[in-house]
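Residues per chain are reported as follows:
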Amino acid sequence: MAESFITTNRFFDNKHYPRGFSRHGHFTIKEAQLLERHGFAFNELDMGKRAPQTDEEKQFVSVCRGERMPETAEEKVWIKYLERIRKPKRFHTLSGGKPQIDPSEDYTDTDD
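Residues numbered from 1 in each chain as written. Predicted model: local features only at pLDDT ≥ 70, side-chain atom pairs only at ≥ 80, totals over all residues. Heavy atoms only, no water.

Here is the rule we go by: UniProt positions are given in the numbering used here, feature names are shortened, and annotations may be inferred rather than shown by experiment.
An unreviewed UniProt entry annotates the chain as Macrodomain Ori protein originating from Morganella morganii. The UniProt entry for the chain carries this comment under Sequence similarities (unreviewed entry): "Belongs to the MaoP family."

1. So, the packing of aromatic side chains
Convention followed: Two aromatic rings from Phe, Tyr or Trp, using only the six-membered ring of Trp, form a pair when their centres are within 6.5 Å; if the ring planes differ by under 30 degrees the pair is stacked, by over 60 it is edge-to-face, and anything between is tilted. Relative accessibility thresholds used throughout: buried, under 20% of the residue-type maximum; exposed, over 50%; partly exposed, between the two (1.4 Å probe, protein chains only). Numbering of helices and strands starts at the N terminus; helices are DSSP runs of H or I of at least 4 residues and strands are runs of E of at least 2.
By the definition in use, this model includes 13 aromatic pairs. Between phenylalanine 21 and phenylalanine 27 the ring centres are 6.0 Å apart and the planes differ by 85 degrees, which places this aromatic pair in the edge-to-face class. Per residue, the accessibility class of phenylalanine 21 equals that of phenylalanine 27, and both read buried. Between phenylalanine 42 and tryptophan 78, the aromatic rings sit 5.8 Å apart at their centres with planes inclined by 65 degrees, giving edge-to-face as the arrangement. Taken as a pair, phenylalanine 42 in helix 1 (residues 29–47) and tryptophan 78 in helix 3 (residues 73–86) lie far apart in primary sequence, 36 residues in all. No difference in accessibility class separates phenylalanine 42 from tryptophan 78, as the two residues are buried.

2. A few points about the side chain of glutamate 75
The test is simple: Distance and chemistry together define a polar contact, namely a pair of N or O atoms within 3.5 Å, with one atom able to donate a hydrogen and the other to accept it when in protein, and with adjacent residues in sequence counting only for side-chain atoms on both sides. Note on definitions: a residue-residue contact is assigned when non-hydrogen atoms from the two residues lie within 4.5 Å.
For glutamate 75, the position within the fold is in helix 3. A distance of 2.7 Å separates a polar atom in the side chain of glutamate 75 from a polar atom in the side chain of arginine 68. Those residues in contact with glutamate 75 that lie beyond four places of it in its chain are Gln59, Phe60, Val63, Arg68, Met69 and Pro70.

3. Looking at the nonpolar core
The nonpolar side chains of soluble globular proteins are, as a tendency, buried together. Quick reminder of the rule: Among buried residues, the Ala, Val, Leu, Ile, Met, Phe, Trp, Tyr and Cys ones that are joined through side-chain atoms within 4.5 Å form a nonpolar core.
Of all hydrophobic cores here, the largest spans 19 residues; its most connected members are Phe21, Phe27, Leu35, Trp78 and Tyr81. Going through the elements one at a time, helix 1, helix 2 (55–64) and helix 3 are the ones with two or more residues in this core. The biggest single contributor to this core is helix 1, with six residues. Beyond its immediate chain neighbours, meaning those up to four positions away, tyrosine 81 contacts Phe11, Asp13, Tyr17, Phe21, Phe27 and Leu35.

4. Some details on the packing of helix 1 against helix 3
We count it as follows: To get an axis, a line is fitted to the C-alpha atoms, and for a helix only the part in contact is used. The angle between two axes follows their N-to-C directions and goes from 0 to 180 degrees. Geometric relationships in this document are graded by angle, where less than 35 degrees denotes roughly parallel, more than 145 denotes roughly antiparallel, 65 to 115 denotes roughly perpendicular, and other angles denote oblique.
Closest axis-to-axis distance for the helix 1/helix 3 pair is 10 Å, and the angle between their directions is 80 degrees. By the angle between their axes, helix 1 is roughly perpendicular relative to helix 3. Along the contact surface, helix 1 presents Glu31, Leu34, Leu35, Gly39, Phe42, Asn43 and Asp46, while helix 3 presents Ala73, Glu74, Val77, Trp78, Lys80, Tyr81 and Leu82.

Below is the structure:
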């Protein structure tokens, strides 16, 4: 891997991970480091802005195109990242059940 995925730019995704990859709990420390160090190259290869230079980069591009399953750590973390940012965020509402009544309070009408 010494000659593959070389870039001088760090990769950050302030839209989906404003506090960094390692602080969101979606990635391990190693995965977060891979994304930060090589994510810029991963993104350029995935988007077609950069031509693959090595066999490892060519295999990475074929994974991005869906031609084969991810096998290396780099391929797995990039696919994991893409799945996370493409998945719609789930949200929970606070009004899901019946209203609860406090049994200590008596709401019966005693004015007879």
